[in-house]
Amino acid sequence: MSEAHPPAKKKQKKRKRPDPRLPRGFRDLPPGDLVLRREMIRRVCEVYERYGFTPLETPAVEYVETLGKFLPEADQPDGGIFAWRYDDGEWVALRYDLTAPLSRYVAKNFQELGMPFRRYQTGPVWRLEKPEPGRYREFVQLDIDIVGAGSVLADAEVIDVLAHAMEALEIPRGSYLVCVNHRRVLNGLLERAAVPPEKTLPVLRALDKLDRLGLDGVRALLGPGRRDQGSAAGEGDFTPGADLAPEQIETLLAFLAAPAEGRRGYLEAVRPLVEGTPDGDAGLAELAELDAILDERGLGTDRVVFNPTVVRGLGYYTGAVVEVVLTFEVEEGAERRRFGSVAGGGRYDDLIARFTGQKVPATGASIGVDRLLAALKALGKVETDTAGKVPVLVTTMDRSLRREYQAWADELRAAGIATELYCGSGNVGKQFKYADRRGFTVAVVAGGDEMSRGEVSLKDLRLGKELSRSEELAADRKQWLEQLPGQFSVPRERLVDGVREVLARYGR
RNA sequence: GCAGCCGUAGCUCAGCUGGUUAGAGCGCCUGACUGUGGAUCAGGAGGUCGCAGGUUCGAAUCCCGCCGGCUGUACCA
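Residues numbered from 1 in each chain as written. Chains lettered and ligands numbered in written order. Predicted model: local features only at pLDDT ≥ 70, side-chain atom pairs only at ≥ 80, totals over all residues. Heavy atoms only, no water.

### What about the overall build of chain A?
Alright, step 1. Within chain A one finds 20 helices and 18 strands.
Alright, step 2. With respect to the three principal axes, the spread of C-alpha positions in chain A is 90 × 70 × 60 Å.
Alright, step 3. The buried share among the 508 residues of chain A stands at 42%.
Alright, step 4. Summarising the internal contacts of chain A: among those between residues at least 6 apart in sequence, 68% fall at separations of at least 24. (Helix = DSSP H or I, 4+ residues; strand = E, 2+ residues; numbered from the N terminus. Buried < 20%, exposed > 50% of the residue type's maximum accessible area, 1.4 Å probe, protein only. Contact = heavy atoms within 4.5 Å.)

Written out as structure tokens, the structure is:
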């Protein structure tokens, strides 16, 4: 094969060998994580269904104009999405959320759908953004929406279902908080502060940054602008400010300082700042009604609060805006960090009109599955050590007993116990090593000795691991072999019972 | 996107101001201890020094570009 020109051949082959790499921002999901994610999604969907939401699935690819990301000037989609062009010149893209496809779906099937239409949907979405720790270019969302209902009751329903989803995941009350604000209240504030239309975007962006930049940072952004510190050597980047006058800025900051002490308290604090503007009055009225509905449902301020700093999606929401934040802190290296937002949503009454020309009210929310899962791990609310692991391994030490090994595996499987039959090569030692590494709980082992007694041996691998750390066994292999820590034998017909017993020790 | 820092074995890193065959620990594989994970012992595999150029007699080490990672910032439907 390589006699003729070995070095050249080798070199060539090496050059062609591909790197087993992944495109930037993408990742594999190993069994443990996948199992946890599926379980989490299952629980949340169960809540969704209990609230009368029915499932819907739409394709990963949509026309760019459907997604509303077409640049009007250039003949090109906006950045931030994965887009490409078909042969006929049409631009398509991977969806970047589940709401735009829903709007398209509703517009397309408007006649058949009875109008308050509620659905839930889960699946991956893609965004071409800078990946960060815990933030990828492909991630999963879990959405609920109610289309065709403009009532505050619909908004309350969304809030309610979010709170219950959190509790279905066993996030303790007090560790999560549904924060609510209202877009029209913000509009009223902007009007009161005499913020010109062309500055509303920068102003809202600035208000949204309170938690990260603090009051002084926001003040700078509303005024002359802000330079970030960068690193020690660098200058940092300059963010242009909104250039507002000092009294405008103070009006806005006074709003941010509105107490979140009770929803009623928020309303009273905010009222003087926005009252008298059409938007402000309408927004306040809706929030007041929302407060009443939440009360009727028994959703107190331990679960749902009004909060002036919730701004969210800028050119998008038209009414109530919602954000679920996790309030506990988590150790991250030396620092403690707030976990932050795991879900968001709100009312978007203009999205479907893009297609139909007819205003169709809609409200909904989206849970960020991966962020929430990270939170559950931090909370210790998920079994990370057994997720994705098979409990039982039937070892195959003696070729002549093949028939028996298979029968045992079958028996365990029939009893509903996930069982792997060892198919690899190697002696028992190797098989135990494998069992240890892969995290099995029980190993079934039998050779001539057991067979002659009509028994099988079961090994509690976790107990064995524990025992192997003990003093006596530490250095003495002979003792190790004599004691076979964690191992015991049962009559062959008690195989399933014996395995169950060991599994029960670990609640499996 | 912008700015700064970083990129040496699977992992964590060493390799001084450029100088011969690039190292360690852990991990991995094989074997021994006669049917057992751990411990111990004996061997072994594994590195295009992120990639591609340039400077040089000579580069992992200096310069440029690209890719990737981290941090901050911008954008975020």
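### Some remarks on the packing of helix H8 (residues 210-222) against helix H9 (residues 246-256)
Alright, step 1. One way to put it is that H8 packs onto H9 with a least axis distance of 10 Å and a crossing angle of 165 degrees. Between H8 and H9, the angle falls in the class roughly antiparallel. Crossing of H8 against H9: the hand is left-handed. Only Ile249, Glu250, Leu252, Leu253 and Leu256 of H9 make contact with H8, whose side of the interface consists of Leu210, Leu215, Val218, Arg219 and Leu222. (Axes fitted to C-alpha atoms, helices over the stretch in contact; angles between N-to-C directions. Parallel < 35°, antiparallel > 145°, perpendicular 65-115°, else oblique. Left-handed = near helix turned anticlockwise from the far one by under 90°.)

### Thoughts on the pairing of strand E7 (residues 176-182)
Alright, step 1. In terms of burial, E7 is largely enclosed, as seven of its seven residues are buried.
Alright, step 2. Alternating positions in E7 separate into two faces, Tyr176, Val178, Val180 and His182 on one and Leu177, Cys179 and Asn181 on the other, with burial throughout.
Alright, step 3. In terms of strand pairing, E7 meets strand E10 (residues 304-306) through three bridges, oriented parallel. If you follow Val180 over to E10, its bridge partner there is Phe306. (Pairing = 2+ DSSP bridges.)

### Quick look at the sheet that holds strand E2 (residues 61-63)
Neighbouring strands of a sheet are bound in pairs by backbone hydrogen bonds; such pairs are parallel or else antiparallel.
Alright, step 1. Taken together, three strands build an open sheet; the order of strands is E2-E4-E3 and the sheet is antiparallel. The sheet is open, and its two borders are formed by E2 and strand E3 (83-85), each paired with just one other strand. The mean inter-strand angle of the sheet, taken between neighbouring strand axes irrespective of direction, is 30 degrees.
Alright, step 2. Sheet analysis places E3 next to strand E4 (residues 91-94), joined by three bridges and oriented antiparallel. Paired with Arg85 across the strands is Trp91, a residue of E4.

### So, the pairing of E4
Alright, step 1. The alternating pattern of E4 places Trp91 and Ala93 on one face and Val92 and Leu94 on the opposite face, and all of these are buried.
Alright, step 2. Bridge analysis of E2 against E4 gives three bridges, and the strand direction is antiparallel. By the bridge assignment, Glu62 is partnered in E4 with Ala93.
Alright, step 3. Linking E3 back to E4 in an antiparallel pair, the connection comprises five residues, with Gly89 at a positive phi of about 95 degrees.

### Digging into the packing of aromatic side chains
Alright, step 1. Scanning all chains against the criterion turns up 10 aromatic pairs.
Alright, step 2. Taking 6.4 Å as the distance between ring centres and 55 degrees as the angle between the ring planes, the aromatic pair formed by Tyr48 and Phe53 counts as tilted.
Alright, step 3. We classify Phe53 as buried; its relative accessible area is 2%.
Alright, step 4. Between Tyr434 and Phe440, the aromatic rings sit 6.0 Å apart at their centres with planes inclined by 40 degrees, giving tilted as the arrangement.
Alright, step 5. Given a relative accessible area of 5%, Phe440 falls into the buried group.
Alright, step 6. Through successive ring pairs, a cluster of aromatic residues spans Tyr48, Phe53 and Tyr120.
Alright, step 7. Sitting over the ring of Phe432, Lys459 keeps its end group 5.2 Å from the ring centre. (Phe/Tyr/Trp six-rings, centres within 6.5 Å; stacked < 30°, edge-to-face > 60°. Lys NZ or Arg CZ within 6 Å of the ring centre and 35° of its normal.)

### Some points on helix H15 (residues 428-438)
Alright, step 1. All buried positions along H15 are accounted for by Gln431, Phe432 and Ala435. All buried residues of H15 lie within an arc of 100 degrees about the axis, which places them on one face of the element. Residues of H15 that are exposed and point over 90 degrees away from its buried face: Lys433 and Arg437.
Alright, step 2. Of the surrounding elements, those touching the buried residues of H15 are strand E14 (392-394), strand E16 (442-445), strand E17 (455-460), helix H17 (461-467) and strand E18 (487-491). (Arc of directions from axis to C-beta.)

### Quick look at the pattern of salt bridges
Alright, step 1. Inspection of every chain in the model, using the stated rule, returns 32 salt bridges.
Alright, step 2. As a salt-bridge pair, Asp370 and Arg37 come within 2.9 Å of each other at their nearest N and O atoms. Residue Asp370 is located in helix H13 (residues 369-379), and its partner Arg37 is located in helix H2 (residues 31-50); the two are separated by 333 residues in the primary sequence.
Alright, step 3. Salt bridges sharing partners connect three or more residues here, namely Glu39, Arg42, Arg43, Glu46 and Glu170. (Salt bridge = Lys/Arg side-chain N within 4 Å of Asp/Glu carboxyl O.)

### Here we look at the sheet that holds strand E15 (residues 419-421)
Alright, step 1. Reading across the sheet, the five strands line up as E15-E14-E16-E17-E18 and stay open at both edges, with mixed pairing between neighbours. Lying at the two open borders of the sheet, with one neighbouring strand each, are E15 and E18. Each adjacent strand pair in this sheet contributes to an overall mean axis angle of 25 degrees, direction not counted.
Alright, step 2. Where E16 and E17 come together, four bridges link them in antiparallel fashion. Directly across from Val445, in E17, lies its bridge partner Ser457.
Alright, step 3. Packed onto the sheet, helix H14 (residues 402-414) meets E14, E15, E16 and E17 and runs at close to 165 degrees relative to E15.

### Overview of the side chain of Thr66
Alright, step 1. Mapped onto the elements, Thr66 comes out in helix H3 (residues 64-67).
Alright, step 2. Thr66 has contacts with Ala100, Arg104, Arg354 and Phe355, leaving out every residue within four places of it along the chain.

### Structural notes on the confidence of the model for chain A
Alright, step 1. For chain A, the average pLDDT comes to 87, and 90% of its residues sit at 70 or higher.
Alright, step 2. Taking the mean pLDDT of every element in chain A, the minimum, 38, falls on helix H1 (residues 6-16) and the maximum, 97, on helix H5 (residues 152-168).
Alright, step 3. Note on residues 1-15: pLDDT is under 50 here. Beyond four places in sequence and across chains, it has one contact.
Alright, step 4. Predicted complex metrics record ipTM = 0.85 and pTM = 0.89. (pLDDT = per-residue confidence, 0-100.)

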